[in-house]
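Notes for the structure review
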Amino acid sequence: MRLAIRLYSALARAFPYEFKVVYGPDMIQLGEDIVQEIAKKNGFLGLFRLVLDIAIRLPIEYLSEMRRDLSYAFRTLAKSPGFATVGIVSLGIGIGVAAVSVSEVMNLILRDAPGVRDPEKLVLVTGVSYPYTEHYRDQRDLFTGVAAFQQAVPFNISLGDSAGSKAERVFGQLVSPEYFSVVGLTAARGRVFHPDMDKPGSAPIVFISDRFWRERLNSDPSVVGRTVRVNGTTATVIGVGPKDFQGVLPFIPADVFVPTTASASMAPELSADVIHQREAKSFSALLRLAPAVTQQAAEAGLDAITRNLDQETFDPARNAKGRRVILLPGGKMFPIPKAVLPLMLGFMVVLNGLIIAIACMNLANMQLARATARRKEVSIRLSVGASRFRLIRQLLTESILLAIGGGAGGILIAFWAAAAFQKAKLPFAYPVKFDITPDWRVTAIVFSIALAAGIAFGLAPAMAATRGDLASAMKQAIVGQTRAHRRFSLRNFLMVGQVAGSLALLLITGFMIIGFHKTNTIDIAFDSSTMYLLSLDPVRDGYSPERAINFFDNLAERLKRAPGVREVVLAHSAPFSPQLATFTLSAPASGGASDQIVSGVAKNTIGPNYFAALSATILEGREFELRDQRADPAKNLAAPVIINQTAAHAFFGAIDPLGRRISDAAKSYEVIGVVKDLSAPLTQTAQGGTASVVPVVYLPLTRAEFDHPPNSGMIVMIRADHQMDVLEGVRAQLAAIDPNVVVFNIHSLAGQVGDTLAYLRVSEYVYGGIGVFGLILAAIGLAGVTAYSVARRRKEIGIRVALGASKAQVLRLVMREGGSVVIVGSVLGLLGALALSRALTAFSSLFGPSFAAGAHDPRLIVGAPILLASLAMLACYVPARKSARIDPLVALREE
Amino acid sequence: MPKVESFLPLKTNWFHILLSLAAGEQHGYWIMQDVAERTGGKVRLWPATLYGSLKRLIEDGLIEESEVRPAPEVDDARRRYYKLTRFGQRVLDAETERLEELVRMVHLKRGFEAAR
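Residues numbered from 1 in each chain as written. Chains lettered and ligands numbered in written order. Predicted model: local features only at pLDDT ≥ 70, side-chain atom pairs only at ≥ 80, totals over all residues.

1. Let's talk about the overall build of chain A
Cut-off, in case you're wondering: In this description a helix means any DSSP run of H or I spanning at least four residues, a strand means any run of E spanning at least two, and both kinds are numbered starting from the N terminus. Remark: residues whose backbone-derived C-beta atoms lie within 7 Å of one another are considered to be in contact.
Each helix and strand counted, chain A has 26 helices and 21 strands in total. Taking the intrachain contacts of chain A between residues at least 6 apart in sequence as the baseline, contacts between residues at least 24 apart amount to 83%.

2. With respect to the overall build of chain B
To keep things clear, this is the line we draw: Exposure in this text rests on C-beta crowding, where 20 or more other C-beta atoms within 10 Å of a residue's own make it buried, 12 or fewer make it exposed, and counts in between make it partly exposed. The C-beta atoms are placed from the backbone.
Each helix and strand counted, chain B has 4 helices and 3 strands in total. Listing the helices and strands of chain B from first to last along the sequence gives α-β-α-α-β-β-α. Taken over 116 residues, chain B has a buried fraction of 28%. Restricting the contact set of chain B to residue pairs at least 6 apart, pairs at least 24 apart contribute 63%.

3. With respect to the confidence of the model for chain B
Residues and elements named next belong to chain B. Operational definition: Per-residue confidence from the prediction method is given by pLDDT, with values spanning 0 to 100.
Here chain B averages 86 in pLDDT, and 90% of its residues register 70 or above. Least confident of the elements in chain B is strand β1 (residues 26-27), whose mean pLDDT is 86; most confident is helix α1 (residues 12-21), at 91. Interface predicted TM-score (ipTM) for the complex: 0.82; the corresponding pTM is 0.67.

4. Some thoughts on unusual backbone geometry
Each neighbour pair has its own omega, and for Leu 8 of chain B with Pro 9 of chain B the value is -10°, a cis peptide bond. Position of Pro 9 of chain B relative to the elements: it lies in the segment before α1. Notably, Leu 249 of chain A is not glycine yet its phi reads approximately 50°, a positive angle.

5. Observations concerning the interface of chain A and chain B
Basically, it comes down to this: Classification convention: Asp, Glu, Lys, Arg as charged; Ala, Val, Leu, Ile, Met, Phe, Trp, Tyr, Cys, Pro as nonpolar; all other residues, Gly among them, as polar.
Each partner contributes residues to the interface: chain A has 16 residues there, and chain B has 12 residues. Its residues assigned to classes, the side of chain A that touches chain B shows 8 nonpolar, 2 polar and 6 charged.

6. What about the sheet that holds strand β2 (residues 63-65) of chain B?
All names here are of chain B. Our working rule: Two strands qualify as a pair provided that DSSP identifies no fewer than 2 bridges between them.
What the 3 strands build is an open sheet, ordered β1-β3-β2; its pairing is antiparallel. Single-partner strands in this sheet number two, and they are β1 and β2. Sheet topology places β2 next to strand β3 (residues 81-84); 3 bridges connect them, and they run antiparallel. Bridging across to β3, Ile 63 finds its partner in Leu 84.

7. Considering the nonpolar core
Residue and element names in this part refer to chain A. Condition: Each nonpolar core reported here comprises buried Ala, Val, Leu, Ile, Met, Phe, Trp, Tyr and Cys residues connected via C-beta atoms within 7 Å. Here the limits of each domain have been adopted from an automatic or database domain assignment.
Within the largest apolar cluster, 82 residues are counted, with the highest numbers of intra-cluster contacts made by Ala 99 and Ile 355. Element by element, the count of residues in this core is highest for helix α14 (residues 490-519), at 16 residues. Counting only domains with at least three residues in this core, you end up with domain 2 (80-111 + 339-476) and domain 4 (492-521 + 756-895). Among all residues touching Ile 355, those that are not within four sequence positions of it are Gly 94, Val 97, Ala 98, Leu 505 and Ile 770. Counting 69 residues, the second-largest nonpolar core is a separate cluster that includes Leu 122, Val 248, Ala 267 and Met 333.

8. Some words on the pairing of strand β18 (residues 668-675) of chain A
All names here are of chain A. With 6 of 8 residues buried, β18 is to be regarded as a mostly interior element. Strand direction decides the pairing type here: strand β15 (residues 618-621) and β18, joined by 3 bridges, are antiparallel. Following the sheet pairing, Glu 620 is matched in β18 by Val 674. Judged from the 7 bridges that link them, strand β16 (residues 638-644) and β18 form a sheet pairing that is parallel. When the bridges of β18 are listed, Asn 644 appears paired with Val 675. Of the strand pairs in this sheet, strand β17 (residues 661-663) and β18 are connected by 3 bridges, and their pairing is antiparallel. Counterpart to Ile 662 in the pairing with β18 is Tyr 669.

9. Considerations on α1 of chain B
The complete set of buried residues in α1 of chain B reads Trp 14, His 16, Ile 17, Leu 18, Ser 20 and Leu 21 of chain B. In this structure, the buried side of α1 of chain B is in contact with β1, α2 (28-38), α3 (47-59), β2, β3 and α4 (86-115) of chain B.

10. Remarks on the packing of α1 of chain B against α2 of chain B
All names here are of chain B. Basically, it comes down to this: Helix axes are fitted only over the stretch in contact, all axes being lines through C-alpha atoms; the angle between N-to-C directions runs from 0 to 180 degrees. An angle below 35 degrees is read as roughly parallel, one above 145 as roughly antiparallel, one from 65 to 115 as roughly perpendicular, and any other as oblique.
Where α1 contacts α2, the two axes come as close as 9 Å, and the packing angle between them is 110°. Relative to α2, α1 is oriented roughly perpendicular. Residues His 16, Ile 17 and Ser 20 of α1 form the contact with α2, whose own contacting residues are Ile 31, Asp 34 and Val 35. In the contact of α1 with α2, the residues fall into 3 nonpolar, 2 polar and 1 charged.

11. Some details on the packing of α2 of chain B against α3 of chain B
All names here are of chain B. What counts, and what does not: Each crossing is labelled by how the near helix is turned from the far one, with a counterclockwise turn of less than a right angle marking it left-handed and a clockwise turn marking it right-handed.
The geometry of α2 relative to α3 is characterised by a closest axis approach of 11 Å and an angle of 110° between their N-to-C directions. The orientation of α2 with respect to α3, classified from their angle, is roughly perpendicular. For α2 against α3, the interelement crossing comes out right-handed. Together, Gly 28, Ile 31 and Met 32 of α2 and Leu 50, Tyr 51 and Leu 54 of α3 make up the contact between the two elements. Taken together, the residues that form the contact of α2 with α3 break down as 5 nonpolar, 1 polar and no charged.

Quick look at the structure:
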């Protein structure tokens, strides 16, 4: 019984404050009065009922209080729709930007690839040769399985058996027979590849994805055993993957899997005997860690092995210090090195944190200003017995309501961005799955961010508003108005924070934009709409390499028959396209000096007359001719090479480069020409390099390229006469040569450049939008605070005017406060932005150069603070001018 | 002020509380006992439910705290006293009328059936 009444009283004391104040004593008293009687009459069950009743009522009371808080908050917000709109929109944008990044991280970096068993145990190493992976496989104490694979491999697939049926270009992976057992995949139908069954020389086979089976083969139930033509070779489908499986690293979805035991005619990637070439580092190794082996241990072990293997090659970087092998996560959608992940997430947290903080500080500012306007309401409620906690909760409910509204807006923005990204055309030769549609996890995270922000930034103004003495607030006496304002009040602190944050944001986004612009503009010496690009891949249409070479040899001459065609040139990749891979080459020095080793070199492989077609200036020497293309690399010791100005300087300094040698892992080249630097957008540069000066070596197309065309096919560049639509004629000529050769990726150079830059333009708009957003918020916040401070000092200003102060003096008085906040904030923001940009430059090799280029732009460093400051001062000026018009009589008569 | 009809049909607890207060101002304990007595223990208002209901009834303006206290010798100073408001009286009347109407209809129907 005593326990029951103790429990009862404890629960009674836990009731909401307002309930407790009125009914608490009565309720406890009543419980004590009846407990005896109940125990006598109803025994234990009665006592249980007594306690149960109060335990049930407790949450009901709290819920009803919350409901009242909510409806009250709704009503107050509805009464000031401007405030609510600005709050929700600003928070919505802030949280929306965060939501996009969160879903990017969740969907691309943290999500496991579907269909992979124990994805945590799967790691990969890129840029190794096939023999390396066989050495890796011998490390049985480290790995339970090792496979080699190539990603984004195009296959021309025709479903009919006959040679004449039209082929479709499908992307897939070229995988060693161990691949599926390393992935841990069992086939949904048929079987997977297996090293015991699939050996070199066995009949051609292919494994397909569930998507391909559904969409292209209409879910054919008897698909296993059926034949399709893969790059002109008839192959048997041996199995279908489980639903959603698109290979490892499915950001480039794979629909077709061909074993590395296939012939080079079925997979041109296997030409030149790459399976046995140590130098041909065109594979990735997929490794499954043995139980209890950590990534670090595996990485260290692999590093040592790889170092030894490299020693046996001619790679100029073979003696380089530093880590040779970086393990990437193999079971994720997108491989981000584990070491980079914290930095990358850190960058995201900082940028998004800054954006959200600015939005929240702005909200806190507005709340504070409003709370001050509501001082009277608050103090009346306090004086009639509302607890401070209760009022804080009431004010917090408003902030939380705004935050939830902002969170909902943020999710909408994230969905919109995901849809926009889906539609965006990415400048790659293969399909990229860039799905960042937010899922429930993202939504949950975003709402917790919003909620946390709402509470964190609603609490301070709520505390400030409910503090202070009741009497003076209620009277709104002169004491409250002419009290010397505290220099570092919460409000000033928030304002300084907001100005600093906005400026930092503006500067960082500005650095990005200017940097992008400086490093990634594409200069073309002629009208880019007069050049057409199209891709041909006859080897994958079933041509033998000899036939393909013959085909391309005659191509230029045939296409020139089409009206308006001026020049036809071949290239390995489209001009001005992003170069994501770079190489290390060396120039052997003469006279005992050490070799000049240059890393971060881009390689372009081009046909004859390439520079003439691009109207690029040859500074020295000559460009490639047909004989360079025909030269047999085996006989010729040094292949010809053309280098750009930057490369010439990097390799040879002031010495004349013509006739000199440079070499890479496989061979040695002789410089036959120097060409002016061409634009190289989005190029991965060496650490510390700047993107505007990328060293480029141009190699001639050789038999190897015709044997194994790149995954974009062979690019045919057609320069046309001005304002001539030549495509019709070109198509007709191609059809006349061979109607079965698939022509794909037809577009103009202008379109190609547009696609490449579209990606950057989108980021520019996004960053620009964020910067402007910060700017606007800072202005709103400043205007709000100044208006508030003017309102607070109305009486004081009235007295001053009555005593003869001029308008200008009043104006100066009011502006001074805003001005000092702006100055302190600007200085802090400038320092913050510079520090941040340093950190970012060091962090990203892709963005770093753009950043460095932008960070030194005086326009920005001087312009942004001035822009922000003048906007801020304007935001102060408008309410200040209003204050100068105060009629002293009216101001003094108030109350 | 909300309409009388919006409270009909009245919750059982509310009805009994209003009924107990119809005779004049009373405190919570008394109401509890009164209801239990009147219903022969069938309706029990446990303390928290009682005060939760009293709070709602006050918020909805059906009852109010009474300033008039009973004679000093019977007044329990620790307790709050409640009384019906005029609106609460109207709600109680309306509910009573509604119940009477129901009962009347039942009787009428029984009468018909008996006559058949």
